[in-house]
Amino acid sequence: MKKSVAEERGLKKIYEGKAKILYEYPGDEGKLITYFKDDATAFNGQKRGIIMNKGEYNNAISASLFKLLKNNGIESHFIDKLSDREMLTNHLKMLPVEFVVRNTAAGSLAKKMGVEEGVKLPYPVVELYFKSDELGDPMINETYIRAFDLGEVKDVEEAKNIALKINEILRDFFDKNGLLLVDYKLEFGTLSGKVLLADEITPDTMRLWDKVTLEKVDKDRFRRDLGGIEEAYKRVYDITSKI
Ligand code: TMP
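Thresholds applied
Residues numbered from 1 in each chain as written. Predicted model: local features only at pLDDT ≥ 70, side-chain atom pairs only at ≥ 80, totals over all residues. Heavy atoms only, no water. Patch = residues over 30% accessible without salt bridge, like charges linked within 9 Å, V, L, I, M, F, W, Y side chains within 5 Å. Areas by Shrake-Rupley, 256 points an atom, 1.4 Å probe, with all protein chains shown as cover. Salt bridge = Lys/Arg side-chain N within 4 Å of Asp/Glu carboxyl O. Buried < 20%, exposed > 50% of the residue type's maximum accessible area, 1.4 Å probe, protein only. Helix = DSSP H or I, 4+ residues; strand = E, 2+ residues; numbered from the N terminus. Pairing = 2+ DSSP bridges. Core = buried A, V, L, I, M, F, W, Y, C linked by side-chain atoms within 4.5 Å. Contact = heavy atoms within 4.5 Å.

Draft legend 1. Highlighting a nonpolar patch on the surface. Together, Met-113, Val-115 and Val-119 make up a nonpolar patch on the protein surface, roughly 250 Å² of accessible area in all. Met-113 gets classed as exposed once you look at its relative accessible area, which sits at 57%.

In structure tokens form, the structure reads like this:
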């Protein structure tokens, strides 16, 4: 397994999350190095494990999907892939919000609305969650942004619009490659006042189902102890490596 190049060079760790580590980029505070770990958590960290090679798959999958989006007019923090597990990004001022877009009912939406997983939604559903491990990422809306001073309402509106544009592009891409894009989570930040896509787009943060068998090809295999986890990540890696 390749070591973190950032760590080998003694670069300063800025933040360690559940699936990624952020390092400073020497000589340029405007950039960051993201290192993708094999660690997997679910249910706000209550379930923990390792998915072999996940870091390599997720780094490559994210890099490819950021490129696909860029080719379709959506800008992100992504600059370049640096190593098997690391990418170089711009350092954004992050919105403390997770944007979830759903095309098919699954997970918490199916539970909340009392419908079967797999019910197709006639229109995409967009949800906002306040990023807080302590509070378990509570669901919020735009009025919370203003009332709790979580950011600029116009930036959140803009991010929501971008999240829906991304839906068209990703849905079409995965459809052409035999997968149904059920739902996904995005994060955004600003750079010189511009709202840009950030974080990652990986099977950790998306639900993808085989179009024919409806088999799960994402982190639900870990969350629900379904086995075949590494194979699922490899399938998404193989598809996106053609971008
Ligand atoms: P949910 O159905 O559990 O609310 O998840 C919706 C989508 O968001 C799913 O694709 C998984 C993703 N997600 C994350 O990326 N991080 C999280 O912490 C959670 C709860 C979901």
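There's more to say after this.
Draft legend 2. Highlighting the pairing of strand β13 (residues 194-198). Of all 5 residues that make up β13, 4 are buried, and the element is covered over most of its length. Pairing of strand β12 (residues 179-191) with β13, which is carried by 5 bridges, proceeds in the antiparallel orientation. Of the residues in β13, the one forming a bridge with Leu-191 is Lys-194. Connecting β12 to the next strand, β13, in antiparallel fashion are 2 residues, including Ser-192 with a positive phi near 50 degrees.

Draft legend 3. Inspection of the nonpolar core at higher detail. By size, the foremost hydrophobic cluster in this structure holds 49 residues, and its most contacted members are Leu-65, Ile-166, Leu-170, Phe-174, Phe-188 and Ile-201. Mapped by element, the contributors of at least two residues to this core are β4 (39-42), α2 (54-71), β9 (97-104), α5 (153-176), β12, β13, β14 (206-210) and α7 (229-240). Apart from the residues within four sequence positions on either side, Phe-188 is in contact with Met-94, Leu-95, Phe-99, Ala-159, Ile-162, Ala-163, Ile-166, Val-195, Leu-196, Leu-197 and Ala-198. Counting 7 residues, the second-largest nonpolar core is a separate cluster that includes Ala-6, Ile-21, Ile-33 and Leu-88.

Draft legend 4. Broad picture of the pattern of salt bridges. If you walk through the whole model with that rule in mind, you get 31 salt bridges. Close ionic contact of Glu-56 with Arg-85 constitutes a salt bridge, the shortest N to O distance being 3.7 Å. Within this pair, whereas Glu-56 is found in helix α2, its partner Arg-85 is found in the loop between β6 (78-81) and β7 (86-90), the two being separated by 29 residues in sequence. Among the residues examined, Glu-56 registers a relative accessible area of 23% and is labelled partly exposed. With its nearest N and O atoms 2.8 Å apart, the salt bridge here joins Arg-207 to Asp-183. Taken together, the residues Arg-207 in strand β14 and Asp-183 in strand β12 connect sequence positions 24 residues apart.

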